[in-house]
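A closer look at the structure
Chain residues, written in single-letter form:
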Amino acid sequence: MGKRVAVVLAGCGVFDGSEIHEASAALVHLSRSGAEVKIFAPNIEQRDVVNHLKGSPTDEKRNVLVESARLARGNIQDLAELKVSEFDACFFSFSGGFGVAKNLCSWAVDGKNCTVNEHVNSTLQAFHKAKKPIGLCCISPVLAAKVFPGCEVTVGQDKNIDGRFPDAETASAIAELGCKHICKDVSESHVDKANKIVTTCAFMCKAPLHQIFDGIGTMVEEVLKLA
């Protein structure tokens, strides 16, 4: 029997939800590993809705759970129903995207002073308390930085090397929260063995899609080793 893995999403679409390529990459790697996956999302309203063709906000109202169901092909549950005892590991909003910073917490607006959604916070705390591994990619490592002071994470590099890491200042904000940022390239992940937190930068780096895919693969592999 494969590892039992909970996956938490934040909507559907890079500008207001989960990053679709990252979500698909992680699900492929989990499938290839033989993991038994169940998908969750909080049943809350999105902070905003973005027209992905124009890149501008609209007046629409959308629900994070309903939108995440697009990625889950309808097979999804409310995050409030997740029971940590039923799982070996959690990929917490592994798919990154602005939905993490807008819907799962308020990082997009408040930065390091953000608040974390109550169900997101309690789920992270429960997996950590049970000493079960957590995987996070793209911008989602800020959740760990906010919830677990002193942990180690990566969002790529702390300098915008060759223009490939335009959001490098995120690393400084993580350090200001009392956490240690570990510089890694897109093909790598970092393992905080003490906290069982595995992170990779994914689209925090301007890189070809296959490199994003491979980097997420290392995250999945390392999480499952710890499970």
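As shown above, the structure is provided for reference.
Notes on the structure in this doc start here. Remember, predicted model here, so these are calculated numbers, not experimental data. (Residues numbered from 1 in each chain as written. Predicted model: local features only at pLDDT ≥ 70, side-chain atom pairs only at ≥ 80, totals over all residues. Heavy atoms only, no water.)

Let us look at the overall build of the protein. Looking only at helices and strands, one finds 8 helices and 11 strands in the protein. Here the C-alpha atoms of the protein give a radius of gyration of 16 Å, agreeing with the 17 Å that 2.2 N^0.38 yields for 227 residues. In terms of principal-axis extent, the alpha carbons of the protein reach across some 45 × 35 × 35 Å. Taking all 227 residues of the protein together, 52% fall into the buried category. Partitioning the contacts of the protein with sequence separation of at least 6, the portion at a separation of at least 24 is 72%. When the accessible area of the protein is evaluated, it comes to approximately 10100 Å², of which 48% is carbon and sulfur surface. (Helix = DSSP H or I, 4+ residues; strand = E, 2+ residues; numbered from the N terminus. Rg over C-alpha atoms; globule rule 2.2 N^0.38 Å. Buried < 20%, exposed > 50% of the residue type's maximum accessible area, 1.4 Å probe, protein only. Contact = heavy atoms within 4.5 Å. Areas by Shrake-Rupley, 256 points an atom, 1.4 Å probe, with all protein chains shown as cover.)

Taken as a whole, this structure holds 2 aromatic pairs when the rule is applied. The interplanar angle of 85° and the centroid separation of 5.7 Å between the aromatic rings of F40 and F87 together place this pair among those described as edge-to-face. Taken together, the positions of F40 in strand β2 (residues 36-41) and F87 in the loop between β5 (77-78) and β6 (89-92) put the pair 47 residues apart, joining distant regions of the chain. Residue classification places F87 among the buried positions, given a relative accessible area of 3%. (Phe/Tyr/Trp six-rings, centres within 6.5 Å; stacked < 30°, edge-to-face > 60°.)

Along the chain, E152 falls in strand β8 (residues 152-153). Taking the C-alpha atoms as reference points, E152 and I174, 22 residues apart in sequence, are found 9.3 Å from one another. Dropping the residues within four chain positions of it, E152 is found in contact with K180, I182, H190, V191 and D192. In this structure the side chain of E152 is engaged in a polar contact, spanning 2.8 Å, whose partner is the side chain of H190. (Polar contact = N/O pair within 3.5 Å; in protein donor to acceptor, adjacent residues only side chain to side chain.)

Turning our eyes to something else, we now look at the packing of helix α1 (residues 20-33) against helix α8 (residues 209-226). It is the contact of α1 with α8, at a shortest axis distance of 9 Å, that shows an interaxial angle of 45°. For the element pair α1 / α8, the angle class is oblique. Handedness of the crossing formed by α1 with α8: right-handed. From α1, H21, E22, A25, A26, V28, H29, L30, R32 and S33 reach across to α8, where they touch L209, I212, F213, I216, G217, V220 and L224. (Axes fitted to C-alpha atoms, helices over the stretch in contact; angles between N-to-C directions. Parallel < 35°, antiparallel > 145°, perpendicular 65-115°, else oblique. Left-handed = near helix turned anticlockwise from the far one by under 90°.)

Applying the stated rule across the entire model yields 11 salt bridges. With its nearest N and O atoms 3.2 Å apart, the salt bridge here joins R70 to E67. Here R70 pairs with E67, and both are found in helix α2 (residues 64-71), just 3 residues apart, close to one helical turn. Judged by relative accessible area, which is 7%, E67 ranks as buried. For the salt bridge of K112 with E176, the shortest nitrogen-to-oxygen distance reads 2.6 Å. Residue K112 is found in the loop between α4 (107-110) and α5 (118-129), and its partner E176 is found in helix α7 (residues 169-176); the two are separated by 64 residues along the sequence. Here the residues in one salt-bridge network are E60, R62, E67 and R70, joined through shared partners. (Salt bridge = Lys/Arg side-chain N within 4 Å of Asp/Glu carboxyl O.)

Function cannot be read off these values alone, since they describe shape.
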